Amino acid sequence: VDFSKNNDKDSVASVISSLKKIKLPIQSKEKLIEEMTSQGFSLPLAQWMTLNVKRDRQLGNQFVWLFDLKAIESMLNDYCKVQYWDFLKSKTLMESESKVTFVQAERNPAWTLDVVTTLDQIQAETQGIVQRKLLKDSGHWVHVDQPLPLFNILSSAFED
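Just so you know, these numbers come straight off a predicted model, no measurement behind them.

*Asks:* What should I look at first to understand the pattern of salt bridges in this one?
*Replies:* Where charged atoms from two side chains of opposite charge approach closely, those side chains can pair. Scanning all chains against the criterion turns up six salt bridges. In this structure, the salt-bridge partner of Asp145 is Arg107, at a minimum N-O distance of 3.7 Å. Highlighted residues: Asp145 in helix H8 (residues 142-145) and Arg107 in the loop between strand S3 (100-105) and helix H7 (113-125), separated in sequence by 38 residues. Accessibility expressed as a relative area gives 30% for Asp145, which makes it partly exposed. A relative accessible area of 45% places Arg107 in the partly exposed class.

Next up, the structure:
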């Protein structure tokens with residue numbers, strides 16, 4: 001997966017790049033929303049990002065990230081280097097009681113025709129042990145764009 005080719009403002013790579021530019025600590029969650037929307041982010045994404053800050057008493061109760069942005073960027077870069085196709089067709093997975101379900105965000109450009117085609121072939125070869133579920137009208141931030149349909153996809157995994 002190459003997230004760097006995604007020009008969507010709400011893409012993971014774009015969000016990480018922009019978050020690095022936000023000066024923290026920040027006075028309030030409202031200021032964070034203002035900062036993000038002024039940089040062109042959608043209001044739902046900016047609002048969701050306020051769930052990722054905490055007050056820091058040592059900094060006058062101003063807000064800082066709950067996460068290590070450098071670590072997230074590093075993990076994302078590592079993730080993008082790994083290919084899982086062989087594992088998804090492996091004897092180990094086929095003999096386990098596991099199922100693997102991929103949630104495809106319809107508007108996420110990381111889901112290229114090649115990726116979708118390969119995954120559909122693996123789904124057929126594995127008789128549904130590996131599955132692809134399409135989440136319509138969603139970008140990368142599926143939990144923001146389509147929370148209820150996402151819940152329905154995820155909850156169905158617990159029924160099997």
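*Asks:* I keep staring at the nonpolar core and nothing clicks. Help me out?
*Replies:* Buried together is how nonpolar side chains tend to be arranged in soluble globular proteins. Counting residues in hydrophobic clusters, the biggest one holds 19 residues, and the most contacted among them are Leu19, Leu32 and Met36. For this core, the secondary structure elements donating two or more residues are helix H1 (12-19), helix H2 (29-38), helix H3 (43-49), strand S2 (62-65) and helix H4 (69-81). Take this core: its biggest share by element is four residues, from H1. Ranked by size, the runner-up nonpolar core spans nine residues in total, among them Leu93, Val100, Val116 and Ile129.

*Asks:* Whenever I open this one, the side chain of Gln146 confuses me. Can you help?
*Replies:* Of note, Gln146 is situated in the loop between H8 and helix H9 (147-157). Accessibility expressed as a relative area gives 18% for Gln146, which makes it buried. With residues near it in sequence (within four places) discarded, Gln146 still touches Leu135, Lys136, Asp137 and Ser138.

Conventions we followed
Residues numbered from 1 in each chain as written. Predicted model: local features only at pLDDT ≥ 70, side-chain atom pairs only at ≥ 80, totals over all residues. Heavy atoms only, no water. Salt bridge = Lys/Arg side-chain N within 4 Å of Asp/Glu carboxyl O. Helix = DSSP H or I, 4+ residues; strand = E, 2+ residues; numbered from the N terminus. Buried < 20%, exposed > 50% of the residue type's maximum accessible area, 1.4 Å probe, protein only. Core = buried A, V, L, I, M, F, W, Y, C linked by side-chain atoms within 4.5 Å. Contact = heavy atoms within 4.5 Å.

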